[in-house]
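# Breakdown of the fold
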Amino acid sequence: MGYIVVKKLNKSFLRKRKGEVDTIHALKNISFELEKSEIVGYLGLNGAGKSTTIKILSGILKPDSGSVTVGGVEPYKNRKRYVKNIGVMFGQRSQLEWDLPAIDTYLMLKQIYNIPTAQFWDTFNHLSELLDMDDIEKIPVRHLSLGQKTKCEILATFLHRPSLVFLDEPTIGLDIKAKENIHKVIKSLNKEFGTTIFITSHDLSDIEKMVDRVLIINKGELFYDGSLKNLIKDSEQSQELTVEISEKSQFSLSKHYKVDELEYNKFKIKLIKEDNLVTLINELMENNEVISLKIDEPTLESVLINLYDTIEVKEEK
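Now for a description of the structure that goes with this document.

Right, let's talk about the environment of Met89 for a bit. By secondary structure assignment, the location of Met89 is in strand β5 (residues 86-90). The buried category is assigned to Met89, whose relative accessible area is 3%. Linking Met89 and Ala156, residues 67 residues apart in sequence, is a C-alpha distance of 8.7 Å. If near-sequence neighbours (up to four positions away) are discounted, Met89 is found in contact with Thr150, Glu153, Ile154, Thr157, Phe166, Leu167, Asp168 and Pro170.

So this is what it looks like as structure tokens:
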């Protein structure tokens, strides 16, 4: 049995609109299992059911039917004991005191989680080094940059060494370099502490850089559960090749390929699954004066856009 086991989970809400009461089915028979130490991405459009799932997994909400266990514990039934073993980081909500240095929050968390003094300082020093804190925990939070605050939030989230961590938009607003550093730190903490990490993010670089497995939810139903590589590989998205040829040459290529002219002597070729990239490149090189070639692989973003478009078309029929 997995570390997290979700079976036939259902949750509905009543919504009052224009004097009428509607039933919103937030989750519909959701089932999945996660092993301990997995890093999993949970994806879906706004309103798909992601937040409801996390609130049930964290013990905030009680499901209407179905079951959820985390390490054999039902979150909403044993919340006081359960929350001591989880960590939560919301990119748009801070757990730090705005007017105080972060170290004050850490000392407060030490008391809340009853962390032994030796373990507290050992974990704090280790996380400080890993995050390259450079004493920023001694500065009032309001004076910190966004990147510095994110570091402080991560330290607060992992300080009590939780077995399960929920990360919601963990790198929101950060620049590319800061995001890359946070990705490395989270992966390192996952390996060192064996922490199971559940990530939801609209920034798909968070997913691509940190997870191997993704769950996709759509209108309360689990649409996909599998590896990120297979999601991209099995999608209808394919490789694209951009080629620039000499002004002196006339572009020549088999009619089989789909070609779009981007500008004078620059073309984009979209391969279908049956096409062989090496064969295409050989034909281009033999029949054209090629100046440059660029190969674009399908991205998670392009796959999801196509996936959501396909879902919308099917629902409209």
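Turning our eyes to something else, we now look at helix α9 (residues 277-287). Restricting attention to buried positions, one finds in α9 the residues Leu277, Leu280, Glu283 and Leu284. Buried positions in α9, seen along its axis, are confined to an arc of 130° and lie on one side of it. Facing away from the buried side of α9 by over 90 degrees, the exposed positions are Val278 and Glu286. Buried residues belonging to α9 abut β10 (240-245), β12 (266-270) and β13 (290-296).

Turning to the pairing of strand β3 (residues 39-43), a few remarks are in order. Burial of β3 is extensive: five of the five residues sit out of reach of the surface. As paired strands, β3 and strand β7 (residues 196-200) are joined by three bridges and run parallel to one another. Counterpart to Ile39 in the pairing with β7 is Ile197. Looking at chain direction, β3 and strand β8 (residues 213-218) are connected through four bridges and run parallel. Note that in β8 the partner of Val40 across the bridge is Arg213.

What follows covers the sheet that holds strand β4 (residues 65-70). Read across the open sheet, the three strands follow the order β2-β1-β4; overall the sheet is antiparallel. In this open sheet, the two strands that pair with only one neighbour each are β2 (20-34) and β4. Sheet twist, expressed as the mean angle between neighbouring strand axes with direction ignored, is 30°. Where strand β1 (residues 4-17) lies against β4, five bridges are found, and the strand directions are antiparallel. Residue pairing for β4: Val6 is matched across the bridge by Val68.

To continue, consider the nonpolar core. Counting residues in each nonpolar core, the largest one holds 47 residues, and the members touching the most others are Leu43 and Tyr106. Not counting residues up to four positions away in its chain, the partners in contact with Leu43 are Lys50, Ser201, Leu204, Ile207, Val214, Leu215, Ile216, Ile217, Leu300, Leu304 and Tyr308. Listed in part, the 25 residues of the second largest apolar core include Leu27, Leu61, Val68 and Phe166.

Turning our attention to helix α1 (residues 50-57). Counted residue by residue, α1 has six buried out of eight residues, so it is predominantly covered. Listed in full, the buried residues belonging to α1 are Lys50, Thr52, Thr53, Ile54, Ile56 and Leu57. Taken from the residues just after α1, Gly59 is the one with a positive phi, measuring 90°.

Rules used throughout
- Residues numbered from 1 in each chain as written.
- Predicted model: local features only at pLDDT ≥ 70, side-chain atom pairs only at ≥ 80, totals over all residues.
- Heavy atoms only, no water.
- Helix = DSSP H or I, 4+ residues; strand = E, 2+ residues; numbered from the N terminus.
- Buried < 20%, exposed > 50% of the residue type's maximum accessible area, 1.4 Å probe, protein only.
- Contact = heavy atoms within 4.5 Å.
- Arc of directions from axis to C-beta.
- Pairing = 2+ DSSP bridges.
- Axes fitted to C-alpha atoms, helices over the stretch in contact; angles between N-to-C directions.
- Core = buried A, V, L, I, M, F, W, Y, C linked by side-chain atoms within 4.5 Å.

Interpretation note: all reported values are geometric properties and have no functional meaning in isolation.
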